[in-house]
Amino acid sequence: MRSSKPKNYSNLENSLAKDIMHCVDDHRDELVKLITDLVSMDSLLGNENEAQNFVSDKFQNLGLTVERFEINHELLKDMPGYSPTVGNWDKHENVVGTFTPKSNLGRSLILNGHIDVVPVGHEDLWTSPPFKPVVRDDLIFGRGSGDMKGGMAAFIVAFSIFKKLGLEPNGKIHLQSVVEEECTGNGALACLHRGFKADAAIIPEPFNETIMSAQVGVMWVNIEVVGKPSHVLNSNEGTSAIEGAFSLWQSLKLLEKKWNLESNRHTSFLNTNNPIKFNLGVIEGGEWASSLATRCQMQIRVGFFPGEEISQVCKKIEDTLKQTIEDTPHLRPLKFKLKYGGFQSEGCEVDLTSPFIATLNSSHFDVSNEDASLFASSATTDARTFNLYGDTPCTCYGPSANNIHGIDENVSITSVLRVTKVLALFISRWCGISAISKAS
């Protein structure tokens, strides 16, 4: 371990940067352990309490003022950016740790991450159990390792190293561990409602050490299709809700193809391959193998470009389904009902001309010796809440990961180390730093 004796860093930017990066390297094992500890805690939707207890203790040990609070849907439901809840759970809380400097002279910062993870799928397909992390060479395997516990560990360690160097930031910093990022985004919105704003925010999503320039909007739609049932003996007298649902799905895929045409693209996504993605995630229906299905339900994820209003997207979906039924005689007996729950999230762009982005890029350059690439995301993140509703410029910048939302998800340790260095350098430049006084 290198000496943590405080230095006078006035006009010694290069020396400071080197000391920060060396200190991160010295704490590699601590970083790896933090990631594996987080991954070992099953934090599926509604089951985040154990992981949030761990994060809360970690924040308290760093000397942060910790707040825990649930999502109050009655307070949030009329706020811009709210998405209809997909359930209610006990001990379903955000955790925020706040550092307040003695001389609050620097710019403020939010470091945000989500603790919730998506379902593991069929566990027997995994090489090792999804909540028993395994380190193989440079990779940490386990559900949530990439999305996004590796990134959360990066900002926790990035913040912690200043005290080890005898330093502290000059600006207020909020470390946020939120719930419901994977289904509504209401966790980040609850932080905003509670008053957490800053001069900038970074979310270390696993975007391969790029700076996110824009992200699409995302909507979850439940489509219930009702057919005309009959015995298969008389199938020409009925209309299967399941087969009809597949026809309606194909019409939505044609709409996806239309929106992806270069002539219809948002300018931020001109260089992105098929940025708009529709996904049929869940389908269920039917009652009997020898009967035409009465009902079928599809749960669909729809992407759309920044600048489009939720109501416009809803109308386009509904009009497409109606037109498909009208134009297809054998589908005319079908009826459908749309329900909207979960993501109802607008797209957003990042102001790439801001000093915030310039500072982040310069920090990336010092670690990687090249400018950061820009990334227009075909997924949504909590960055929209900060940019659109929170008066806080925000982007995503995080480590390289593989198979997020898939089998054998993993994150690169080397990449997490680089991201940790970049975040620590960014804190030093954005917030400013001072030596910790002897009196403290």
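In case you missed it, the structure is sitting above this.
Residues numbered from 1 in each chain as written. Predicted model: local features only at pLDDT ≥ 70, side-chain atom pairs only at ≥ 80, totals over all residues. Heavy atoms only, no water.

**Section: the packing of helix H7 (residues 241–260) against helix H8 (residues 310–327)**
Stage number 1. With their axes 9 Å apart at the nearest point, H7 and H8 run at an angle of 130° to one another. Taken together, H7 and H8 sit at an angle that is classed as oblique. The two elements H7 and H8 cross, and the hand of that crossing is right-handed. Where H7 approaches H8, its residues Ser247, Leu248, Ser251, Leu252, Leu255 and Trp259 are matched on the opposing element by Val313, Lys316, Ile317, Thr320, Leu321, Thr324 and Ile325.
Stage number 2. Grouping the constituent residues of the contact of H7 with H8 by class yields eight nonpolar, four polar and one charged. (Axes fitted to C-alpha atoms, helices over the stretch in contact; angles between N-to-C directions. Helix = DSSP H or I, 4+ residues; strand = E, 2+ residues; numbered from the N terminus. Parallel < 35°, antiparallel > 145°, perpendicular 65-115°, else oblique. Left-handed = near helix turned anticlockwise from the far one by under 90°. Contact = heavy atoms within 4.5 Å. Nonpolar A, V, L, I, M, F, W, Y, C, P; charged D, E, K, R; others polar.)

**Details of the packing of aromatic side chains**
Stage number 1. As enumerated under the stated definition, the model contains nine aromatic pairs in all.
Stage number 2. Measuring from ring centre to ring centre gives 5.6 Å for Phe99 and Phe159, while their planes differ by 65°; the resulting arrangement is edge-to-face. Placement of the pair is Phe99 in strand S2 (residues 93–99) and Phe159 in helix H5 (residues 145–164), with a sequence separation of 60 residues. Like Phe99, the residue Phe159 is buried in the burial classification.
Stage number 3. Joined through ring pairs, the aromatic side chains of Phe356, Phe426 and Trp430 make up one cluster.
Stage number 4. If you follow Arg107 out to its NZ or CZ, it ends over the ring of Trp430, 3.7 Å from the centre.
Stage number 5. The aromatic ring of Phe141 is capped on one face by Arg136, whose charged end is 4.4 Å from the ring centroid. (Phe/Tyr/Trp six-rings, centres within 6.5 Å; stacked < 30°, edge-to-face > 60°. Buried < 20%, exposed > 50% of the residue type's maximum accessible area, 1.4 Å probe, protein only. Lys NZ or Arg CZ within 6 Å of the ring centre and 35° of its normal.)

**A closer look at the sheet that holds strand S5 (residues 139–141)**
Stage number 1. Strand order in this open sheet of four strands is S4-S5-S18-S17, and the pairing throughout is antiparallel. Sheet topology places strand S4 (134–136) and strand S17 (401–402) at the edges, where each strand pairs with a single neighbour.
Stage number 2. Against the sheet, helix H2 (residues 28–39) contacts S4 and S5, and its axis sits at roughly 15° relative to S5.
Stage number 3. Relative to the sheet, H5 contacts S5, S17 and strand S18 (410–412), its axis offset from that of S18 by approximately 40°. (Pairing = 2+ DSSP bridges.)

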